[in-house]
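Each chain, letter by letter, is given below.
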Amino acid sequence: MASLKPKNLHVPGSVETAKLYHESYQGSPAEEYIAARGLGDVAAKFGLGYVHSAPPGHERYTGHLVLPYMRPAGGDNGVATLRFRCIKDECVRAPDGRFWFEHDQKEQHQGHGKYQSLPGDPPRLFNTAALLVESPHIVLVEGEADAMAWDVAGVPAAGMPGTGTWRDYWHPAFYGYQSVFLIAEDEAGEACMDALASEMPNGKPIRLPDIDSNTLLLTEGPQALRERIGL
C-alpha cells in the first residue's frame with residue numbers, strides 16, 4: 001500500500017525549541033562529538049543543538065545531540081521537527097575516554113536506540129535544502145550524520161532516518177535528477193536501496209564496503225566520498 005502523506009508537516013514550537021538547543025551547543029559535549037566525527041564545519045549550517053536544560057516534555061532527551069529537520073520553504077529558520085541522538089559518555093566512549101568510533105568499534109547503546117524521534121512524528125527527509133541545490137545528481141543515504149558527511153564533501157545529499165523509513169510521497173522530489181546515488185553500508189541498507197532503485201529510473205545503488213559515509217569521510221577524506229560516485 002502506498003504511504004499517505006502526513007497532515008502534520010510541522011511540529012508546533014519546533015523553531016523555538018531548536019533555537020533554545022542551538023544556543024546550548026557551543027562548548028557542549030555535542031560540539032565535541034560532532035567535531036570528532038569531522039562534521040564541525042557544517043554544524044552551524046545544520047543548526048545542531050544540545051539538550052542541556054530540557055523544557056517540559058523533553059526531559060528524556062537531556063544530554064542528547066539535537067538534529068533539527070530544517071525546511072528552507074518555511075522561512076530562514078523553518079524547522080519541521082527535531083530528532084535526538086544519544087551521546088552520553090557511557091554509550092559513546094571507550095574506557096580510555098576516546099570515542100568508540102575512534103577505535104573502529106560500535107557504540108554501546110544498551111537498552112535504548114541511538115536515535116529518538118518525537119512521539120507520533122512520522123519519518124521525514126533530512127536536509128531537504130539539498131533538493132534546492134542546482135545539480136544533476138544527489139545522494140540519498142540512511143542517517144543524518146551521513147548526509148552531513150556528503151555535505152562536507154561538497155555533494156548535495158538527503159537522508160532517510162533509517163532503513164525501512166522510505167515514504168512513496170518522497171519520490172517526486174528526486175524525479176528531475178540525472179543520477180540519484182543510493183548509498184548503502186550493509187546488507188539491510190543494500191536491500192533497501194535496491195528496492196528504491198527498482199522504482200527510480202535514475203537511481204544508482206552503491207554499496208560501501210561495510211563502512212558508513214561518515215566513517216569513510218573520517219578515514220579517507222572528502223575526496224574518497226566523491227570518488228565513490230565518480231566525481
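The following refers to the structure shown.

Calculation criteria
Residues numbered from 1 in each chain as written. Predicted model: local features only at pLDDT ≥ 70, side-chain atom pairs only at ≥ 80, totals over all residues. Heavy atoms only, no water. Helix = DSSP H or I, 4+ residues; strand = E, 2+ residues; numbered from the N terminus. Rg over C-alpha atoms; globule rule 2.2 N^0.38 Å. Buried < 20%, exposed > 50% of the residue type's maximum accessible area, 1.4 Å probe, protein only. Contact = heavy atoms within 4.5 Å. Areas by Shrake-Rupley, 256 points an atom, 1.4 Å probe, with all protein chains shown as cover. Lys, Arg positive; Asp, Glu negative; His and termini not counted. Charge placed at Lys NZ, Arg CZ, Asp CG, Glu CD. Phe/Tyr/Trp six-rings, centres within 6.5 Å; stacked < 30°, edge-to-face > 60°. Lys NZ or Arg CZ within 6 Å of the ring centre and 35° of its normal.

1. Looking at the overall build of the protein chain
Phase 1: Along the backbone of the protein chain there are seven helices and eight strands.
Phase 2: A globule of 231 residues ought to have a C-alpha radius of gyration of about 17 Å, and the protein chain, at 17 Å, matches this closely.
Phase 3: Its C-alpha atoms put the protein chain at 45 × 40 × 30 Å along the principal axes.
Phase 4: Per-residue burial over the protein chain gives 52% buried out of 231 residues.
Phase 5: In the protein chain, 61% of the contacts between residues at least 6 apart in sequence involve partners at least 24 apart.
Phase 6: In the form shown here, the protein chain has an accessible surface area of approximately 11400 Å², with 51% of it arising from carbon and sulfur atoms.
Phase 7: Taken as two groups, the 20 positive and 30 negative side-chain charges of the protein chain have centres that lie 5 Å from each other.

2. Some details on the packing of aromatic side chains
Phase 1: Counted by the stated rule, this structure contains 10 aromatic pairs.
Phase 2: When the ring of Tyr 33 is compared with that of Phe 99, the centres are 5.3 Å apart and the planes differ by 85°; the resulting orientation is edge-to-face. Taken together, the residues span a long stretch of sequence, with Tyr 33 in helix α2 (residues 29–36) and Phe 99 in the loop between α3 (89–92) and β4 (115–117) at a distance of 66 residues. For the residue pair Tyr 33 and Phe 99, the accessibility class agrees, reading buried in each case.
Phase 3: With 5.9 Å between their ring centres and 45° between their planes, Trp 166 and Phe 174 make a pair best called tilted.
Phase 4: On the basis of relative accessibility, which here comes to 1%, the residue Phe 174 falls in the buried class.
Phase 5: An aromatic cluster of three or more residues is present, and its members are Trp 166, Tyr 169, Trp 170 and Phe 174.
Phase 6: The side chain of Arg 37 reaches across the aromatic face of Phe 101, ending 4.4 Å from its centre.

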